[in-house]
Amino acid sequence: MLYGRFPEVQQIGTLLAAARKGRSGALALSAEAGEGKSALLQYAAAQAAEWRILRCSGIESESELPFAGLHLLLGSALDRLDTLPEPQRKALGGALGLGPSDGADRFLIGVATLTLLAELSADGPVLCLIDDAHWLDRPSADVLRFAARRLGAEGIVMLFAGRKEFELSGLPALRLGPLDAASAAAMLAECSPGLSPDQRDRVLAEAAGNPLALLEFPRMNRDASPAAPLPLPLRLRSGYERQIAEWTIGARTALLVVAAEETGDLGVVLRALHLLGHTPAALDEAEHSGMVVVAEHTVSFRHPLKRSAAYHGASFTQRLAVHAAIAEALADDPSRSAWHLAAASTGPDETVAAALESAAERARERTGHASAAVALERAATLTPDPAARARRLVLAVETAADAGHTERARQLADAADQLPLDAVERARVGSTRALLEFEHGSLHRAHQLMIAAAVEVAELEPERAAWLLVEAGRIAWTAGDIDGVYAGHKRLTALPEEVSAPLQAALRGGLAILEGELAEGISLIRANVAFSRSVPLEMTSLRLAFALQAALIGDMQVAREQLTELADLARARGMIGWFPAIGTTLATSELILGRLREAELMATATARIAADIGQPSRVAGAESVLAMIAAIQGDAERCRELADRNLRNAPGDHNAVDATHCEWALALLDLGQGRYEQALGRLDALHRAPAQARGHWTDLLRDLIEAAVRLRRPERGTAAMAEIEAWAVALDTPWASGIMLGCQGMLRGDGELLAQALELHLAADRRYDHARTALVYGEWLRRERRMNEARIHLRQALETFDRLGAAPWAEHARIELRAAGEGSVPEPENDMAARLTPQELQVVRLAAGGATNKEIAAQLFLSPKTVGHHLYRAFPKLGVSNRVELARLPIG
């Protein structure tokens, strides 16, 4: 019976009941040791006895071994690996040591885990019980959290239980506390009815509502008189230690080996005992004590507190000997052996340090960056040679940063700075610090650190210095720090020409644009982009950099093509860490091209994934695009929420590109809703600011000119018009010329120029631009009393605006149509795509194209059952009953 846990039991029961009906859920339980986390998991298992139940427990000494916890959880389900899509099967198999590791992104492993669980749920509900989650290795914790957050319609329940310091962000959480006085007294009376009143009062006072203590204290020396009370876990441990001390040396040794061996592998435990001079009878005695349970090929403690007592109650020399024996027993597993050798070390030892470094390298290959960082840190402490120690600690700094452990990376960097680093090592630490500062919004500090790192190695490694200066230039540009871009370029040109020449164009193109040398800047950037087509797609970083340059000069179709290739690669290979960087700019490209639905789908997916993997700057970038879409569609509340939040949270040296998008979004909202003075004020401020990023500049200036014309202050658009004309001449593309002619037509009231702009918009396949100009041209024709022609163009504008969901612009077109004498102005059609959520729309589009649920799941990082659930919800919204009918619907 569970005393005092009715709310928790009720919540778990609700999850189980929902899973029986096909709905999944997850819950993270946290509490102090002994407060009943494991008991609640046992309760869940009893209630779901007929289900498929998967279990694992985190183990403290195993917490640095990548994917150890995941292996324990999925061990009984590995016969289903062959049902997974090949990339997922390889990724999960590599992570679990069942095949070669291809360095798959851990989030692809998360998708594979979710798919495998969904496969199991096809036979009935599945219950996953993850106990002592605070001791899970980081890769396993990341993968299981990733899967838990994507549960949908599979009939899966995932229950995590850990100490109070344990946290799984994004999951429903339930914190346990001590039992209330009445429940504690009732439990003690039931479990230990023979206690005297004094003993009962003593146990209740010392247990302080801890259920495990209430169970265990009556079995120990209740008459002891401690000088002062100790924290409950320590008091429990001391009690266990006294019990252990009464047993034979063989049983105590067996308990220590089981406590030190991290996986519960019975074979390893027995081999280590043999090396220590003991027979299996020692383990039998330990089992008879009630401390451990031996089942099939595993051995484990009945509770982590008992394990802690067995380990910490042993002497230091005893622990050293046991770890040395386990390391020898693990001769065929060099990674685990290295950790035990490290635990058996009493001082610097290069052999052990080298073994740990090798273990770190293997962990990195399996995307176990967090484990690798800890291994490198420990290797550094064991390294006798100061130079080698510095090298390993610098590598630990970089690896911790790659793992997303920002605070730990900073601490390790501080420690590395205390060592005698050479210039290259100082530069590596400095550049890592710079990237950490950049991710957390301190762009000015990041730029300073990156420049300093480049200066450090300019003479020793000029090629490294050149790349660091390009990175410094990118940071400065993003911050709107033009002087910083110039400073980086000046230092770059001072490097040997054979090293710097190929990279100078990367900065020079942007600087030429800022200097007004548009033709030179555009030519340099287009040369870079053309060169990128010869770069293998697998060189993701370089290809992405060139795609960003295409977006910089507004060549959005080119950027879109390259970014789409990269996004497809990221999906196919599970490179989810790259996806937000690609997705943010791809969403922007889709937006500028007038593909609002595609932009929203990409930005929504990007924001979701970026939040999952801890990239807050990419979340902000995606949300700035969503703010612009909301503005165009007239969703004022959402636009202001997204824009204001990101502008409010931006630090002093913020991301100028994202800030521009947010301000632009608010201006677009004003423009669409007829607040022309406010719109012009915002856009004029963006235009006059000297440090604004120049991305798709002409599109923003087009909005400025329209606001000025509608406010009847065309003179306020003169400077912007001159800039648009300069861009259009330098770019020499239909889309740029179309914007130029359309703006000239608005300022001059020249219908012929507007008509020419319409033709160029169509040639450039920019339907949104075409609709905006068609609306202006229709208004001009109406004022010229050319009603028949006006109605033709106004209808075209209305049709496009309705299709895009651009409600304010559509309403404006309707008003103009009525004024032009249209007898029956059509009301907005019930757009089928608009009936669906962004994720439902993604699923439906892929399904309409013939993709299976598994193929859709692999693309969208969902489980196949969740895909099926989305289709189940989408069919009635669309008025269809099967996939065949989807292909006939106008959903894009």
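Here, the structure is the one placed above.
Calculation criteria
- Residues numbered from 1 in each chain as written.
- Predicted model: local features only at pLDDT ≥ 70, side-chain atom pairs only at ≥ 80, totals over all residues.
- Heavy atoms only, no water.
- Core = buried A, V, L, I, M, F, W, Y, C linked by side-chain atoms within 4.5 Å.
- Buried < 20%, exposed > 50% of the residue type's maximum accessible area, 1.4 Å probe, protein only.
- Contact = heavy atoms within 4.5 Å.
- Helix = DSSP H or I, 4+ residues; strand = E, 2+ residues; numbered from the N terminus.
- Pairing = 2+ DSSP bridges.
- Right-handed = clockwise from strand over helix to strand, strands pointing away.
- Axes fitted to C-alpha atoms, helices over the stretch in contact; angles between N-to-C directions.
- Left-handed = near helix turned anticlockwise from the far one by under 90°.
- Nonpolar A, V, L, I, M, F, W, Y, C, P; charged D, E, K, R; others polar.
- Phe/Tyr/Trp six-rings, centres within 6.5 Å; stacked < 30°, edge-to-face > 60°.
- Expected span 1.5 Å × (residues − 1).
- Arc of directions from axis to C-beta.

Caption draft 1: Structural view of the nonpolar core. If you look at the biggest cluster of nonpolar residues, it comprises 108 residues, and the most contacted ones within it are Leu-591, Ile-632, Trp-664, Ile-724, Trp-727, Phe-801 and Trp-809. Excluding residues that lie within four positions of it along the chain, Trp-809 makes contacts with Ile-632, Leu-671, Gly-672, Glu-706, Tyr-768, Arg-772, Leu-775 and Phe-801. With 40 residues, the next largest nonpolar core counts Leu-70, Leu-108, Leu-116 and Met-158 among its residues.

Caption draft 2: Representation of the environment of Ile-609 in the model. Within the secondary structure, Ile-609 is located in helix 30 (residues 596-612). Classification of Ile-609 as buried rests on a relative accessible area of 2%. With 594 residues separating them along the chain, Ile-609 and Leu-15 place their C-alpha atoms 25 Å apart.

Caption draft 3: The pairing of strand 3 (residues 126-131), seen in detail. The element strand 3 is largely enclosed, with a buried count of six among its six residues. Alignment of strand 2 (residues 52-57) against strand 3, held across six bridges, turns out to be parallel. If you follow Arg-55 over to strand 3, its bridge partner there is Leu-129. Both strand 3 and strand 4 (residues 156-162) contribute to a ladder of five bridges, which runs parallel. Across the sheet, residue Leu-127 finds its bridge partner in strand 4, namely Val-157. Chirality of the crossover, the property in question, places the unit of strand 3, helix 6 (residues 138-149) and strand 4 among those that are right-handed.

Caption draft 4: The packing of helix 11 (residues 249-260) against helix 15 (residues 316-329), seen in detail. Remark: helix 11 packs on helix 15, axes separated minimally by 10 Å, with the N-to-C direction vectors making an angle of 65 degrees. The handedness of the crossing between helix 11 and helix 15 comes out as right-handed. Between helix 11 and helix 15, the residues in contact are Leu-256, Val-257 and Ala-260 and Gln-318, Arg-319, Val-322, His-323 and Ile-326, respectively. Within the contact of helix 11 with helix 15, the residues separate by chemical class into five nonpolar, two polar and one charged.

Caption draft 5: Quick peek at the packing of aromatic side chains. By the definition in use, this model includes two aromatic pairs. Aromatic side chains Tyr-777 and Trp-780 sit 6.1 Å apart centroid to centroid with 20 degrees between the ring planes, which places their arrangement in the stacked category. Taken as a pair, Tyr-777 and Trp-780 lie in helix 39 (residues 767-783) at a separation of three residues, close to a single helical turn. Taking relative accessible area as the criterion, Trp-780 reaches 14% and is therefore assigned buried.

Caption draft 6: Spatial organisation of the sheet that holds strand 3. Strand order across the open sheet formed by five strands is 2-3-4-1-5, with parallel pairing between neighbours. Each edge of the sheet is formed by a strand with only one pairing partner; in this case those strands are strand 2 and strand 5 (173-175). Each neighbouring strand pair of the sheet contributes to a mean axis angle of 15 degrees, computed without reference to strand direction. Where helix 1 (residues 6-20) meets the sheet, its contacts fall on strand 1 (25-30), strand 3, strand 4 and strand 5, and the angle it forms with strand 4 comes to roughly 155 degrees.

Caption draft 7: Geometry of helix 15. Taking 1.5 Å of rise per residue, the 14 residues of helix 15 would be expected to cover 20 Å, and the 20 Å separating its terminal C-alpha atoms lies within 8% of that figure. For helix 15, the complete set of buried residues consists of Arg-319, Leu-320, Val-322, His-323, Ala-325, Ile-326, Ala-327 and Ala-329.

Caption draft 8: Inspection of helix 13 (residues 280-288) at higher detail. Those residues of helix 13 lying buried are Ala-282, Leu-283 and Ala-286. Around the axis of helix 13, the buried residues are gathered within 95 degrees of arc, so they sit on the same side. Next to the buried residues of helix 13 lie helix 11, helix 12 (266-275), strand 6 (292-295) and strand 7 (298-301). Positive phi appears at Gly-290, one or two residues downstream of helix 13, with a value of about 90 degrees.

Caption draft 9: Local environment of unusual backbone geometry. If you check the backbone angles, Phe-67 has positive phi at about 65 degrees while not being a glycine. With respect to the secondary-structure elements, Phe-67 resides in the loop between strand 2 and helix 3 (68-74). Its relative accessible area of 1% is what places Phe-67 among the buried residues. Even without being glycine, Asp-732 reaches a positive phi, approximately 55 degrees. You can call Asp-732 exposed: its relative accessible area is 64%.

Limitation: the analysis is restricted to geometry and does not speak to function.
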